[in-house]
Amino acid sequence: MHYFIANWKANHTYSTSLEWMTAFLNKIEQDAKLKTKLENNELTIIIAPPFPFIIPLKDIVKHYGNIHLASQDISCIEKGKYTGEVTAEALSGHVQYSIIGHSERRMNFNETDDLLQKKVDLANKYGLKTIYCIRNERDLFPSTISLLSYEPVHAIGTGNNENPADVVDVKKKLNIPPDVPFIYGGSANKDNVDSYLITNAIDGFLVGTASVDPIEFYSMCASA
Ligand code: PGA
């Protein structure tokens, strides 16, 4: 199984998110090989839009078995008087996955390991699968995560993707539970995706910049 995860970050408006989805699904519809991989559980595509677009996009992707939505984050709070927070319970039933611990949140919003553990516990409590991000082999991760995404900070959004052999070396140093897929993120794009897949050690990609354009992201999915 390969995972291709589109992390739109703070890109797209409501109208461009709908345009993205239309263009992306048109490409999928025209690609019998890719559709077969989705149907045979060889490929899972996950799209992480900004919160307000989740419900309308869910209604569009629900017709596709292995195309799912993720939230880009969840609150560490379960419920209550916390203006602006979006809880795991609120997202439950609307997304299948949540990205937790992205380095941009660790850095810009001071998210700590303790806080991330609370998010993972809440995601698990409310039935959301977790895409847990680490920045290096020293970052800890809870044992109860669904996918582990290694994203070296120097490679994120810079065009300097990490050498596939170095990614595989990092994977070897991590004590990843056998059923947890290992994802790479950091300037992955349609031109370098094959160099990772050929290692047979990388189960998928968390894609930022190259996921903003639906055709480029489709090209990555098609290379699996
Ligand atoms: P990038 O972002 O593909 O733009 O490097 C990856 C990520 O931050 O998830």
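Everything below is about the structure printed above this text.
Calculation criteria
Residues numbered from 1 in each chain as written. Predicted model: local features only at pLDDT ≥ 70, side-chain atom pairs only at ≥ 80, totals over all residues. Heavy atoms only, no water. Helix = DSSP H or I, 4+ residues; strand = E, 2+ residues; numbered from the N terminus. Rg over C-alpha atoms; globule rule 2.2 N^0.38 Å. Buried < 20%, exposed > 50% of the residue type's maximum accessible area, 1.4 Å probe, protein only. Contact = heavy atoms within 4.5 Å. Areas by Shrake-Rupley, 256 points an atom, 1.4 Å probe, with all protein chains shown as cover. Lys, Arg positive; Asp, Glu negative; His and termini not counted. Charge placed at Lys NZ, Arg CZ, Asp CG, Glu CD. Phe/Tyr/Trp six-rings, centres within 6.5 Å; stacked < 30°, edge-to-face > 60°. Pairing = 2+ DSSP bridges. Axes fitted to C-alpha atoms, helices over the stretch in contact; angles between N-to-C directions. Parallel < 35°, antiparallel > 145°, perpendicular 65-115°, else oblique. Left-handed = near helix turned anticlockwise from the far one by under 90°. Nonpolar A, V, L, I, M, F, W, Y, C, P; charged D, E, K, R; others polar. Salt bridge = Lys/Arg side-chain N within 4 Å of Asp/Glu carboxyl O.

**Some details on the overall build of the protein chain**
Secondary structure assignment for the protein chain yields nine helices and eight strands. At 16 Å, the protein chain has a C-alpha radius of gyration in line with the 17 Å of a compact globule built from 224 residues. Principal-axis analysis of the C-alpha atoms places the extent of the protein chain at approximately 45 × 40 × 30 Å. Considering the protein chain as a whole, with its 224 residues, one finds that 50% of them fall into the buried category. Within the protein chain, residue pairs in contact and separated by at least 24 positions form 66% of the contacts whose partners lie at least 6 positions apart. On the protein chain, roughly 10,400 Å² of surface is accessible, and the fraction owed to carbon and sulfur atoms is 50%. If you average the places of the 21 positive and of the 27 negative side-chain charges in the protein chain, the two averages end up 3 Å apart.

**What about the packing of aromatic side chains?**
A full pass over the atoms with the stated rule returns 10 aromatic pairs. Judged by centre distance (6.1 Å) and plane angle (35°), the rings of Tyr 14 and Phe 53 are tilted. One end of the pair, Tyr 14, is in helix H1 (residues 14–29); the other, Phe 53, is in the loop between strand E2 (43–48) and helix H3 (54–61), and 39 residues separate them in sequence. Looking at Tyr 14, the relative accessible area reads 43%, which means it is partly exposed. Relative to Phe 217, the ring of Trp 20 lies with its centre 6.1 Å away and its plane at 35°, an arrangement referred to as tilted. One end of the pair, Trp 20, is in helix H1; the other, Phe 217, is in helix H9 (residues 214–222), with 197 residues separating them in the sequence.

**Quick notes on the sheet that holds strand E7 (residues 182–185)**
In space, the eight strands of this closed barrel follow the order E1-E2-E3-E4-E5-E6-E7-E8, with parallel pairing throughout. Along the sheet, successive strands turn relative to each other by an average axial angle of 25°, direction set aside. Judged from the three bridges that link them, E7 and strand E8 (residues 204–207) form a sheet pairing that is parallel. Paired with Tyr 184 across the bridge in E8 is Phe 205. Strands strand E1 (2–7), E2 and E8 of the sheet are contacted by H9, whose axis makes an angle of about 165° with E1.

**Some thoughts on the packing of H1 against H3**
Across the interface, H1 lies against H3 with an axial gap of 11 Å and an inter-helix angle of 15°. Of the possible angle classes, the one that applies to H1 and H3 is roughly parallel. Where H1 crosses over H3, the two elements pack in a sense that is right-handed. Where H1 abuts H3, its residues Tyr 14, Ser 17, Leu 18, Met 21 and Leu 25 lie against Pro 56, Leu 57, Ile 60 and Val 61. Of the residues in the contact of H1 with H3, the class split is eight nonpolar, one polar and no charged.

**Digging into the pattern of salt bridges**
The tally for this structure, following the rule as stated, stands at 13 salt bridges. For Lys 79, the salt bridge goes to Glu 89, with nearest N and O atoms at 3.6 Å. With Lys 79 in the loop between strand E3 (67–71) and helix H4 (88–91) and Glu 89 in helix H4, the pair connects residues that are 10 residues apart, well separated along the chain. Note on Lys 79: relative accessible area 55%, which makes it exposed. Residue Glu 89 is classed as partly exposed on the basis of its relative accessible area, which comes to 36%. A salt bridge links Lys 190 to Asp 191; the shortest N-O distance between them is 3.7 Å. A relative accessible area of 39% places Lys 190 in the partly exposed class. Asp 191 sits in the exposed class, given a relative accessible area of 65%. Overlapping salt bridges bring together Asp 73, Arg 105, Glu 111 and Lys 119 as one network.

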